[in-house]
Amino acid sequence: MQTFHGHHAAVWSVAFSPDGQTLASGSDDQTVRLWDVKTGQVLQTFHGHHAAVWSVAFNPQGKILASGALDQTIRLWDVHTRECKRTLEAHTSWVLSLAFSPDGKILASSSYDGTIKLWRVSTCECYKILQASTGWLKSVAFSPDNQTLASCSEENTVKLWDINTGQYLKPLQGHTRRVWSLVFSPAHQILASSGDDETIKLWDITTGECLKVLKTDKPYEQMNIMGVTGLTTATIATLKVLGAVTAEKQPSHLVNEETSI
């Protein structure tokens, strides 16, 4: 096991290069770093963002690294020359997620401003804007066939979009709380989503059917402890992790660092 040391604050995003030899990371310290996977050494530190970097993504050819930050910008870095090729500015709030299309021609970015922007990588032109949410958009992902884009947000829903037309295709509904992350299976039209409802859902994007729900069992599931006083917020958090207290039974007030359930 390797542990990479170098950032001076929380690390929000990591991505492997297509050849698996290099790892990129984005951090609260406003830098992007390239690491040698075998040695754990820092190959390059990219400076330029003026706020935390929340997303990094390599293009399929491994020649370009994109980074998105809370300074509302996207930067494209040349992996070989280690220079910033372009800075993309169009979002009006934090950039939260980035994804290259499988053919490398399109970069999708999602933001706290509720939009997805599609960029032509060759010209760095923002050629399409998708109004995907009334709140933040945490993640975007391209289907392996390069035809569909998936997005997720705080609206508890996954949305599917036609890449060519920008048309909203359908919602994938089933999560009961906000959805944080998306990833497509490399070989099938199956999408995985994860959320605050503590589940991972597998979707058939052709039919919109939820194929499977993955959720780990908790040792004290469904105990639903109630009527206990004098518990600290830390104790209640532990009980929730164990399943002894449901999310609906969270404390409504705090008194001298103690509360009741």
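About the criteria used
Residues numbered from 1 in each chain as written. Predicted model: local features only at pLDDT ≥ 70, side-chain atom pairs only at ≥ 80, totals over all residues. Heavy atoms only, no water. Phe/Tyr/Trp six-rings, centres within 6.5 Å; stacked < 30°, edge-to-face > 60°. Helix = DSSP H or I, 4+ residues; strand = E, 2+ residues; numbered from the N terminus. Buried < 20%, exposed > 50% of the residue type's maximum accessible area, 1.4 Å probe, protein only. Contact = heavy atoms within 4.5 Å. Pairing = 2+ DSSP bridges. Axes fitted to C-alpha atoms, helices over the stretch in contact; angles between N-to-C directions. Lys, Arg positive; Asp, Glu negative; His and termini not counted. Salt bridge = Lys/Arg side-chain N within 4 Å of Asp/Glu carboxyl O.

Caption draft 1: Local environment of the packing of aromatic side chains. Using the criterion set out here, one finds six aromatic pairs in the structure. On the numbers, 5.2 Å between centres and 20 degrees between planes, the contact of F4 with W35 is stacked. Taken together, the residues span a long stretch of sequence, with F4 in the segment before β1 (11–16) and W35 in strand β3 (residues 32–36) at a distance of 31 residues. Residue F4 is classed as partly exposed on the basis of its relative accessible area, which comes to 24%. By relative accessible area, which is 2% here, W35 ends up buried.

Caption draft 2: The arrangement of the environment of D162 in detail. One can find D162 in strand β15 (residues 157–162). D162 has contacts with Q147, Q167 and L169, leaving out every residue within four places of it along the chain.

Caption draft 3: Representation of the sheet that holds strand β5 (residues 53–58). Across the sheet, four strands lie side by side as β5-β6-β7-β8; this open sheet has antiparallel pairing. On the outer flanks of this sheet lie β5 and β8 (84–89), each paired with one strand and no other. With strand direction ignored, the average angle separating the axes of adjacent strands in the sheet is 20 degrees. When β5 meets strand β6 (residues 64–69), the two strands line up antiparallel, connected through five bridges. Considered in β6, the bridge of A57 is made with A66.

Caption draft 4: Spatial organisation of the side chain of K117. Checked against the element boundaries, K117 lands in strand β11 (residues 115–120). This buried residue, K117, is left without a salt bridge; D113 holds the nearest opposite charge, at 4.8 Å. Aside from chain neighbours lying at most four places away, what touches K117 is A90, H91, L107, A108, S109, C126, K128 and I129.

Caption draft 5: Geometry of the sheet that holds β11. Pairing within the open sheet is antiparallel, and its four strands lie in the order β9-β10-β11-β12. Each edge of the sheet is formed by a strand with only one pairing partner; in this case those strands are β9 (95–100) and β12 (125–131). Within the sheet, the average angular offset between the axes of one strand and its neighbour, ignoring direction, is 20 degrees. As paired strands, β9 and strand β10 (residues 106–111) are joined by five bridges and run antiparallel to one another. Bridge pairing in β10 places V95 opposite S111.

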